[in-house]
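# Structural overview for review
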Amino acid sequence: MRFGILGPLEVTGAAAPTDGGREPSYAPQAAKLRVVLGTLLVRANEVVSVECLIDELWPDAPPRTATTTLQVYVSHLRKTLQSADPEGGREALVTRRPGYLLRVGADAVDALAFEDLSRRGHQALQASDFAAAADLQRRALALWRGPLLSDTPHGPVLEGAAVRLAEARTTALDERIRAELHLGLHRELVAELQELVAEHRMHEEFHTHLMVALYRCGRQAEALRVFTALRQTLVEELGIEPGPASTRLQRRILEGDPALTRAGGRAVGPGAGTTAARAGAPAGTGRSPGHDEPAVDVAGTGAGTAGWSAAPGALPAADPCFTGRAEELNRLERMVRTAPAGGCVAVTGMPGAGKTALAVEAAHRVADAFPDGRLYLDLRAGAGPGLPPGAQSVLERLLPASAGPDAAPADGAPQAPRVLLVLDGVGSETQVRPLLPALRGAVVLLVARRVPAGLPGLRSVLLGPWRPDEAQRLVGLFTGRAGTRPGTLGGTAALDAGPGLGPDTVAEIAELCGRLPLAVRTAAAQLAARPHWTAAVLADRLRDEAGRLDVLRTGDVDVRARLLDAYEACAEPQRRAFRLLSLLPPGRFGARQAAAALDLTEARASAALEALADERLVAVDRDGCHLPELLRLLAVERLALEDPPEVVRAAAERVCRAYAAAAAAEPGRVSDSGARGLVRLARTAYGAGLWALAVRLTDALAGWVADDGEAVYALALDAARRCADRSAQARMGRSLGELAWQYRRVEQAHELFSGALELAREAGDEEEAARAQVGLAELCLDAGESAAAAALLEPALAALSAPGRTRGRYEASRARALLALAHEGPESARAWFGECLELAGALRDQRLEVYALRSLRALSLPPEGGSGPASRAVEIRPGLWRIHPAGVPT
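In this text the structure is predicted, and so the values were computed from the model without any measurement. (Residues numbered from 1 in each chain as written. Predicted model: local features only at pLDDT ≥ 70, side-chain atom pairs only at ≥ 80, totals over all residues. Heavy atoms only, no water.)

### Overview of the overall build of the chain
Applied cut-off: In this text, helices come from DSSP runs of H or I with a minimum length of four residues, and strands from runs of E with a minimum of two, each type numbered from the N-terminal end. Exposed residues in this analysis have more than 50% of their type's maximum accessible area, buried residues have under 20%, and partly exposed residues fall in between, with area computed by a 1.4 Å probe over protein chains only. All accessible areas in this document rest on Shrake-Rupley with a 1.4 Å probe, and a residue is counted as covered only by the protein chains that are shown.
For the chain, the helix and strand inventory stands at 38 helices and 16 strands. Residues counted as buried form 50% of the 890 residues belonging to the chain. By element, 52% of the accessible surface of the chain is carried by carbon and sulfur atoms, the whole surface being about 39,700 Å².

### A short note on helix α5 (residues 110-126)
So the rule is basically this: Here a helix's expected span is defined as the number of its residues, less one, multiplied by 1.5 Å. The directions from the helix axis to the C-beta atoms form the arc being described. Here, two residues are considered to be in contact whenever any of their heavy atoms come within 4.5 Å of each other.
In a regular helix each residue adds 1.5 Å, so 17 residues correspond to 24 Å; α5 covers 24 Å between its end C-alpha atoms and thus fits that length. Among the residues of α5, D110, A111, F114, L117, S118, G121, A124 and L125 are the ones counted as buried. Viewed along the axis of α5, the buried residues span an arc of 145°, placing them on a single side of the element. If you follow the buried residues of α5, they end up packed against β1 (2-4), α6 (130-142) and α7 (156-182). Looking one or two places after α5, you find S128, whose phi comes out positive at around 65°.

### Examining the environment of L633
On the secondary structure map, L633 appears in helix α27 (residues 629-642). Classification of L633 as buried rests on a relative accessible area of 4%. Sequence separation between L633 and R548 is 85 residues, and the spatial gap between their C-alpha atoms is 8.3 Å.

### Quick notes on unusual backbone geometry
Omega for the bond connecting R97 with P98 falls within 30 degrees of zero, at 5°, which places this linkage in the cis form. Considering the arrangement of structural elements, one finds P98 in the loop between β4 (93-96) and β5 (99-102). Within the chain, R325 stands out as a residue other than glycine whose phi angle is a positive 65°. Tracing the sequence through the fold places R325 in the loop between α12 (272-277) and α13 (326-338). Residue classification places R325 among the buried residues on the basis of a relative accessible area of 3%. Positive phi, normally seen in glycine, also occurs at R515, with a value near 55°. For R515, a relative accessible area of 19% translates into the label buried.

### With respect to the sheet that holds β4
Under the convention used in this document: Strands are labelled as partners when DSSP assigns at least two bridges between them. Note on geometry: axes are lines fitted to C-alpha atoms, helical ones only across the stretch in contact, with angles between N-to-C directions running from 0 to 180 degrees.
Spatial ordering of the open sheet is given by β3-β5-β4, a layout of three strands whose pairing is antiparallel. Two strands in the sheet have a free side with no partner beyond their single neighbour: β3 (47-49) and β4. Between one strand axis and the next, the sheet turns by 30° as a mean value, whatever way the strands run. Packing of helix α3 (residues 66-84) onto the sheet brings it into contact with β4 and β5, and relative to β4 it is tilted by some 145°.

### Some words on the environment of A179
Relative to the helices and strands, A179 is located in helix α7. Given the relative accessible area of 0%, A179 is considered buried. Taking C-alpha positions, A179 is 9.2 Å from Q137, a pair spaced 42 residues apart along the chain.

### Section: the sheet that holds strand β7 (residues 374-378)
As summarised here, the arrangement of the five strands in space is β7-β8-β9-β6-β10, forming an open sheet in which the pairing is parallel. Every interior strand has two partners, whereas the edge strands, β7 and β10 (459-463), have only one. Ignoring which end each strand starts from, the neighbouring axes of this sheet average 15° apart. Here six bridges tie strand β8 (residues 419-426) to strand β9 (residues 442-448), and the two strands are oriented parallel to one another.

### What to know about the side chain of R809
As a reminder of what qualifies: A 3.5 Å cut-off defines polar contacts: any pair of N or O atoms within that distance qualifies, except that in protein one atom must be a possible hydrogen donor and the other a possible acceptor, and neighbouring residues in sequence count only when both atoms are side-chain atoms.
Within the secondary structure, R809 is located in helix α36 (residues 806-823). We classify R809 as buried; its relative accessible area is 15%. There is a polar contact of 2.7 Å between the side chain of R809 and the side chain of E835. Apart from residues no more than four positions distant in its own chain, R809 is found in contact with L797, L800, S801, W832, E835 and L839.

### Section: the packing of helix α24 (residues 572-581) against helix α26 (residues 602-614)
In a packed pair of helices, the relevant descriptors are the angle between the two axes and the axis-to-axis distance. The criterion, for reference: By the definition adopted for this analysis, an angle is roughly parallel if under 35 degrees, roughly antiparallel if over 145, roughly perpendicular if from 65 to 115, and oblique otherwise. Amino acids are sorted into nonpolar (Ala, Val, Leu, Ile, Met, Phe, Trp, Tyr, Cys and Pro), charged (Asp, Glu, Lys and Arg) and polar (every other residue, Gly among them).
For the pair α24 and α26, the least separation of the axes is 10 Å and the interaxial angle reads 100°. What the angle tells us is that α24 and α26 run roughly perpendicular. Seen from α24, the contacting residues are Q574, A577, F578 and L581; seen from α26, they are L609, A611 and L612. Partitioning the contact of α24 with α26 into residue classes produces six nonpolar, one polar and no charged.

### Here's the deal with the environment of V190
Here V190 shows up in helix α8 (residues 186-199). Relative accessible area serves as the criterion here: at 6%, V190 is assigned to the buried category. Counting along the chain gives 19 residues from V190 to H209, while the straight-line C-alpha distance between them is 9.0 Å. The residues contacting V190, other than those within four sequence positions of it, are L210, A213, L214, C217 and R219.

### Observations concerning the pattern of salt bridges
Our working definition: Salt bridge, as used here: a side-chain nitrogen of Lys or Arg that lies within 4 Å of a carboxyl oxygen of Asp or Glu.
Throughout the structure, instances matching the rule amount to 61 salt bridges. For R145, the salt bridge goes to D110, with nearest N and O atoms at 3.7 Å. Highlighted residues: R145 in the loop between α6 and α7 and D110 in helix α5, separated in sequence by 35 residues. Exposure remark for R145: the relative accessible area of 35% places this residue in the partly exposed category. E778 is the partner of R877 in a salt bridge, and the nearest nitrogen-oxygen pair spans 2.9 Å. Taken together, the positions of R877 in strand β15 (residues 874-877) and E778 in helix α34 (residues 766-782) put the pair 99 residues apart, joining distant regions of the chain.

### Here we look at the packing of α8 against helix α9 (residues 204-216)
Put simply, the rule is: With the far helix as reference, a near helix turned anticlockwise by less than a right angle produces a left-handed crossing, and one turned clockwise produces a right-handed crossing.
Between α8 and α9, the shortest axis-to-axis distance is 9 Å and the interhelical angle comes to 145°. In the crossing of α8 with α9, the sense of the turn from one axis to the other is left-handed. Between α8 and α9, the residues in contact are H186, V190, L193, Q194, L196 and V197 and F206, H207, H209, L210, A213, L214 and R216, respectively. Broken down by class, the residue content of the contact of α8 with α9 amounts to eight nonpolar, four polar and one charged.

### Considering the confidence of the model for the chain
Heads up, the rule is: Scored from 0 to 100, pLDDT records how confident the predictor is in each individual residue.
Mean pLDDT over the chain works out to 81, with 81% of the residues at or above the 70 mark. Confidence drops under a pLDDT of 50 for residues 484-498, and excluding neighbours within four residues, the segment shows 29 contacts in the predicted structure. Taken together, the stretch residues 885-890 has pLDDT below 50 and engages in 12 contacts with residues farther than four places along the chain or on a different chain.

### As for the pairing of β8
Where burial is concerned, most of β8 is hidden: eight out of the eight residues are buried. Pairing geometry for β7 and β8, over five bridges, is parallel. Paired with R374 across the two strands is L420, which belongs to β8.

Structure below.
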């Protein structure tokens, strides 16, 4: 069974071809079915959430029956897949929380085959195997039959995939042409390039390719006219001049540079190696690119795209949008400047933290300290433990002409550090250690995810997410005017940022991205690519945890894929531990909580956390551990994909029991972050059918109310009913009654308090019955029924005087103080608020203590109007005020 999405949707199976020689197509005819299948195919082998599919099917207004309708569509698709492949088609589409997963082989989808061929072609081009590069990219481009899913309506996911794959197609076309120019096929390319520049009027690389091809055909004047047309288009439509590469190529054509006539793109002559090494030389050394033997870039055009150096080993250009990191950059710069010859400095950190950008920025800043230049080598281009293609030529620039990469200075004496070598993508110290004897005259700046331990004298800078204060100053990333260099935004929000793009909104987007530079920049790119989106729309999409990593994917940048690379590089025990830790609430945790999730002793859990910290999958500091936000979401995804439901349920139960026990050990003492964690775990317990645990965790909130507090307590009430716990039903009903009262739904509150009282009496729970009576008394007090309130409070106070009922006694005394304030006078109220203060101290609840103190202080203030304290606004609970006197309707 094969699928085609690079054009109209195609589904072919194992059936014999028709009489016309064509394979029968099983592509669904209904547009909605094509949308679902297309979305699953562009996210092949990934779980696509139900919410994502609904958004794709009905981008504007999904119907009320959207979930049911989607299930019907999935059922139809399973039948279609079974028709195409009777043996395994139906099983290819599986249900996985929170949505569906379509399993396909790497060669079963034309888009996957295209990406694989294109990637191999790119590697061949980097290795200077131009024939293979041209062939691979040609085969990749032949898979395209038209725009992505051209017969299928596009929602957000398909639109994003269409943009990404169209850009990848353009890149593959660009690299195929580069390779063919190296092979001397300039005459064959002229007609195609003329068509491309007419279609892509502002694509500078296609214009520069055409200029080189025409120049090599002896058509110098036509080549210059191509540049003139490009400049006119850019000036008229964008108000900008062509880039430096295009301008430099025009100058070389005007000068009749003979190097441009040579295919192969390598500098020729004895000075070529020196020129390439000097490509990163600082101003003031008397050397600059193009002033010796000409250095021609990998395409031979003088053009080049972002990330491709003018010659192998040349330092990449500094990132114009480099933002923040002032402290880390200063520290790294000092380390590099003071490093001795042969010394090593490392930049390490989690994936997406901007390690390479920081290293390159620092390398540009220290140019004056390395007069013989700065070189760059990416070790990730290799296919194994050895050096990648092209590394030999880079290393030879650091050594005497007769020396190889294993040689050392003849006299063994250290040299002055005159060259800086940036080694990116270091996987381990075994890649670097063999090179060090030959690099004794250079300083090596390593970029790695984990610290390459074992290198002598290594000093390192650890990169994490941007700091919160830096996240407040990222507006420039969203306006295209970011950076720390003179004349750029540099963290200031004073420029016009567009509608809704204030520092607060940007800070929220950054927080939702875990303040990870790669993710924040990807979010900014998403906003730039969709002019119909506002910052609020982007933030709203990012708030959905299930689809957040889907949003953080644009063009060829996929945050999920970058994080997944780090995950897949770990051994299975570490990956399993990483997945299980996602069951812990967001935020900090310690070895005890990790031990519950991992089903280990605390000592072994600590060792597992250290191993994950080494791999940068867990962040560790003096205050504990935490899963960085986007890594946590990845762990949640992988847990749903890779672990059986019974394993997940058992681990969730262990975690819920551990947190419930910890909360019970310190009743009533819960922070805001801790309470939010308990709410999340209560939902987890409810979803797993752990009814008693859901009740225990909600009880532990001790009255703390989330934004969706009613939903939380409603789930707990249902859980209490399922486990037939009448006392728990009374507690949850009373809590819901208090929320209804606060929202001024008095009739509902009365019904809930009355129900809670009846349930508590049936269960023989004297304490809970008394607390329900306090709730009813407050309703009576609100209505001015002081006698009824007093009648309810008297037995409640008596019942709550028993040992162990301090919190209930506090609430009853608070209500009694309010009754005294309204109808008995300030002295009586002072006595009751004084008792509240004592009880709050016994509870060690600072919030309640401060409330009692404020109330006592208010009694000593002169009245602002009326006849006494009862005429003033009254704080009836911490932060909750009654503006009118008791008994006066609002």
